Amino acid sequence: MMTSRAWLALAGLIIVLGATNYTIMQRQQVVDNGQPMLLGLRPVDPRSLMQGDYMVLRYAETVFPDRGGRSDLPRKGVFVVTLDSNNVATFARMHDGEALADNEALLQYKQVDARGNVRLGAESFFFQEGQAALFDPARFGVLHVDDSGKSVLVGLADEGWQMISAPDATTPE
């Protein structure tokens, strides 16, 4: 017979697993149905001794509001970006609930730190060890974004707006 502590632990486990799966399901919905958006990148170093090969993404300043006005921004919020014919995003304005033009989309930001750096929640891209050279030509972070501005990083693209993908390890070269 299970004690009350065991029941409580089981209930806690079910709640944690349920919340985790719900979050995963929401993100997968954004990946499957979200609008592709390319965000320009600044140069980065794709190495980490502690975490393996990965790239810290530093998005271009054109993606964010002017640095001078960032201190007045709330820690979390939504801004509007304009998308060009290649889906490259450029900051347009803060979102005030107004209707969007056909070439505009929302993008949520998660944090503005004390130095005025804006974070989207997609600042790292991990890849297999030894494939850093493959991702060196990355010039854009590719995000899928839903109608509310929630985004999920799905890959990196080169200067020709083409997604960079690693060769499949199961396919002979």
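Here, residues in each chain are numbered from 1, in the same order as that chain's written sequence. The predicted nature of this model means local features are confined to residues of pLDDT at least 70 and side-chain atom pairs, given and counted, to a pLDDT of 80 or more, with totals for whole chains, interfaces and linings taken over all residues. Where side-chain values are given, they derive from all heavy atoms of the structure, hydrogens and water being excluded.

> Pulling in residues and values, what's your account of the packing of aromatic side chains?
Two aromatic rings are characterised by how far apart their centres lie and by the angle between their planes. Any two rings among Phe, Tyr and Trp, with Trp reduced to its six-membered ring, count as a pair given centres within 6.5 Å; such a pair is stacked if its planes are under 30 degrees apart, edge-to-face if over 60, and tilted if neither. On inspection of all chains with the given rule, the structure shows 5 aromatic pairs. Relative to Phe-64, the ring of Tyr-59 has its centre 6.5 Å away and its plane inclined at 70 degrees; by these criteria the two rings are edge-to-face. For the pair shown, Tyr-59 and Phe-64 are each scored as buried. Here Phe-64 and Phe-79 contribute two aromatic rings whose centre-to-centre distance is 6.2 Å and whose plane-to-plane angle is 75 degrees, an arrangement assigned as edge-to-face. One end of the pair, Phe-64, is in the loop between strand 2 (54-56) and strand 3 (77-83); the other, Phe-79, is in strand 3, and 15 residues separate them in sequence. For every residue, the accessible area obtained with a 1.4 Å probe (protein chains only) is divided by the maximum for its type, and the residue is called buried under 20%, exposed over 50%, and partly exposed between those limits. On the basis of relative accessibility, which here comes to 0%, the residue Phe-79 falls in the buried class. The secondary structure listing takes helices from DSSP runs of H or I that are at least 4 residues long and strands from runs of E that are at least 2 residues long, numbered from the N terminus.

> Please set out the nonpolar core residue by residue, giving values where relevant.
Soluble globular proteins tend to bury their nonpolar side chains together. By nonpolar core is meant a set of buried Ala, Val, Leu, Ile, Met, Phe, Trp, Tyr and Cys residues that side-chain atoms within 4.5 Å join together. In terms of nonpolar packing, the biggest core is built from 30 residues, with Met-37, Leu-39, Tyr-59 and Leu-107 touching the most fellow members. Contributing elements (two or more residues each) for this core: strand 1 (35-40), strand 3, strand 5 (104-109), helix 2 (132-135), strand 9 (140-145) and strand 10 (151-157). Apart from residues no more than four positions distant in its own chain, Met-37 is found in contact with Val-81, Leu-83, Asn-87, Ala-89, Ala-105, Leu-106, Leu-107, Gly-141, Val-142, Leu-143 and Val-145. Listed in part, the 5 residues of the second largest apolar core include Leu-38, Val-88, Phe-140 and Val-142. Any two residues whose heavy atoms approach within 4.5 Å are treated as being in contact.

> Pulling in residues and values, what's your account of the pattern of salt bridges?
Any Lys or Arg side-chain nitrogen located within 4 Å of an Asp or Glu carboxyl oxygen qualifies as a salt bridge. Counted under the stated rule, the structure contains 2 salt bridges. The partner of Arg-93 in a salt bridge is Glu-98, with the nearest N and O atoms 2.6 Å apart. Arg-93 gets classed as partly exposed once you look at its relative accessible area, which sits at 26%. Using a relative accessible area of 26% as the deciding quantity, one classes Glu-98 as partly exposed. The partner of Arg-93 in a salt bridge is Glu-104, with the nearest N and O atoms 2.7 Å apart. Here Arg-93 is found in strand 4 (residues 89-94), whereas its partner Glu-104 is found in strand 5, with 11 residues between them in sequence. Judged by its relative accessible area of 14%, Glu-104 is buried.

> So, the layout of surface pockets: which residues are in play, and what are the values?
Counted as a void, the largest pocket has a volume near 350 Å³. The way it works is a 1 Å grid over only the protein atoms, where trapped points that fit a 1.4 Å probe form a cavity and open points with protein on both sides within 12 Å along at least five of seven lines form a pocket, and then any residue with an atom within 4 Å of a point lines it. Lining the largest pocket are 16 residues, and of these Arg-27, Val-30, Lys-150, Ser-151 and Val-152 lie nearest its centre. Of all elements in the fold, only helix 1 (4-33) and strand 10 reach the threshold of two or more residues within the lining of the largest pocket. Considered class by class, the residues forming the lining of the largest pocket number 5 nonpolar, 7 polar and 4 charged. Grid points are joined across faces, edges and corners, and a volume is the space filled by probe spheres set on the points. Approximately 240 Å³ is the volume attributed to the second largest pocket. In terms of lining residues, the second largest pocket is bounded by 13 residues, among which Arg-42, Arg-58, Asn-117, Val-118 and Arg-119 are the most central. Classifying every residue of the lining of the second largest pocket gives 5 nonpolar, 1 polar and 7 charged. Put simply, Ala, Val, Leu, Ile, Met, Phe, Trp, Tyr, Cys and Pro go in the nonpolar bin, Asp, Glu, Lys and Arg in the charged bin, and everything else, Gly too, in the polar bin.

> Lay out the sheet that holds strand 5 in plain terms, naming residues and giving numbers.
Paired strands, as defined in this entry, are two strands with at least two bridges between them according to DSSP. Taken together, the 3 strands give an open sheet; going across it, the order is 4-3-5, and neighbouring strands pair in antiparallel fashion. Whereas interior strands pair on both sides, the edge strands pair on one side only; in this sheet they are strand 4 and strand 5. Ignoring which end each strand starts from, the neighbouring axes of this sheet average 40 degrees apart. Relative to strand 4, strand 3 is paired through 5 bridges, and the arrangement is antiparallel. Counterpart to Val-81 in the pairing with strand 4 is Phe-91. Each axis is a line fitted through C-alpha atoms, taken for helices only over the stretch in contact, and angles between the N-to-C directions span 0 to 180 degrees.

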